Structures are given as structure tokens and as C-alpha cells.
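Spelled out, the chains give:
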Amino acid sequence: MKYELILETEMFNSFSSFPHNSKGLQAALDKVDRARKKSGFRSAKIISDRDGEVFFLDFNLSIA
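Residues numbered from 1 in each chain as written. Predicted model: local features only at pLDDT ≥ 70, side-chain atom pairs only at ≥ 80, totals over all residues. Heavy atoms only, no water.

Engineer: So what about the pattern of salt bridges? Which residues, and what values?
Structural biologist: If you walk through the whole model with that rule in mind, you get four salt bridges. A salt bridge links Asp33 to Lys37; its shortest N-O distance comes to 3.5 Å. What makes Lys37 exposed here is its relative accessible area of 60%. The shortest N-O distance in the salt bridge between Arg50 and Asp51 comes to 3.1 Å. (Salt bridge = Lys/Arg side-chain N within 4 Å of Asp/Glu carboxyl O. Buried < 20%, exposed > 50% of the residue type's maximum accessible area, 1.4 Å probe, protein only.)

Engineer: Describe the nonpolar core, and please don't skip the residues or the numbers.
Structural biologist: By size, the foremost hydrophobic cluster in this structure holds ten residues: Tyr3, Leu5, Leu7, Phe18, Ala28, Val32, Ala35, Phe41, Ala44 and Ile46. For this core, the elements supplying multiple residues, two or more each, are strand S1 (2-9), helix H1 (22-36) and strand S3 (41-48). Contact partners of Val32, with chain neighbours within four places excluded, come to Leu5, Leu7, Ala44, Ile46, Phe55 and Leu57. (Core = buried A, V, L, I, M, F, W, Y, C linked by side-chain atoms within 4.5 Å. Helix = DSSP H or I, 4+ residues; strand = E, 2+ residues; numbered from the N terminus. Contact = heavy atoms within 4.5 Å.)

Engineer: Requested: an account of the pairing of strand S2 (residues 13-19), with residues and values cited.
Structural biologist: Burial along S2 is one-sided: the face carrying Ser14, Ser16 and Phe18 is buried and the face carrying Asn13, Phe15, Ser17 and Pro19 is not. Sheet topology note: the S1/S2 ladder contains seven bridges and is antiparallel. If you follow Tyr3 over to S2, its bridge partner there is Phe18. The turn linking S1 back onto S2 is made up of three residues. (Pairing = 2+ DSSP bridges.)

Engineer: Help me get a handle on the side chain of Ser43, residues and values and all.
Structural biologist: With respect to the helices and strands, Ser43 occurs in strand S3. The class of Ser43 is buried, set by a relative accessible area of 8%. Sequence-distant contacts of Ser43, defined by excluding residues within four places in its chain, comprise Ile6, Leu7, Glu8, Leu57, Asp58 and Asn60.

Engineer: For the sheet that holds S2, give the residues involved together with the corresponding values.
Structural biologist: The strand order across the open sheet built from four strands is S2-S1-S3-S4, with neighbouring strands paired in antiparallel fashion. Each edge of the open sheet carries a strand with a single partner, namely S2 and strand S4 (52-58). For this sheet, the mean inter-axis angle between neighbouring strands, taken without regard to orientation, is 15°. For S3 and S4, the ladder comprises six bridges, and the chain directions are antiparallel. Bridging across to S4, Ser43 finds its partner in Asp58. (Axes fitted to C-alpha atoms, helices over the stretch in contact; angles between N-to-C directions.)

Spelled out as C-alpha cells, the structure:
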């Protein structure tokens, strides 16, 4: 079992896998933290087969 990280940017989507333990989750969250500071970041999602959606961050703003 693993944590799957999906990063969405203006240019591409990135997929990464991490061990399904506290160190793996922390590594995934660290990668999200680094990615969200870069230009073009849109969203991040961490999911697992066992837990479902663990984390979701969305910078896609819709202002009307």
C-alpha cells in the first residue's frame, strides 16, 4: 500500500508514490509544500487505497 501524490500545475500533472507510513506521508506533504511555492501551482491531492483522499489543496480560484 502506498500514498499517491498528484500535483497539478499550469504545464503538467505529476504523479509520485510514497510508503504508506508516517515518513511517507510527511515526504509527500513536504513535496506539496515545495511545489505550492512555485509559479503555476494549481492543486495537490494525496490518496491511498486504504484511506481514500487524505489531503487536498486547490489554488484554482474562480472569482466572479
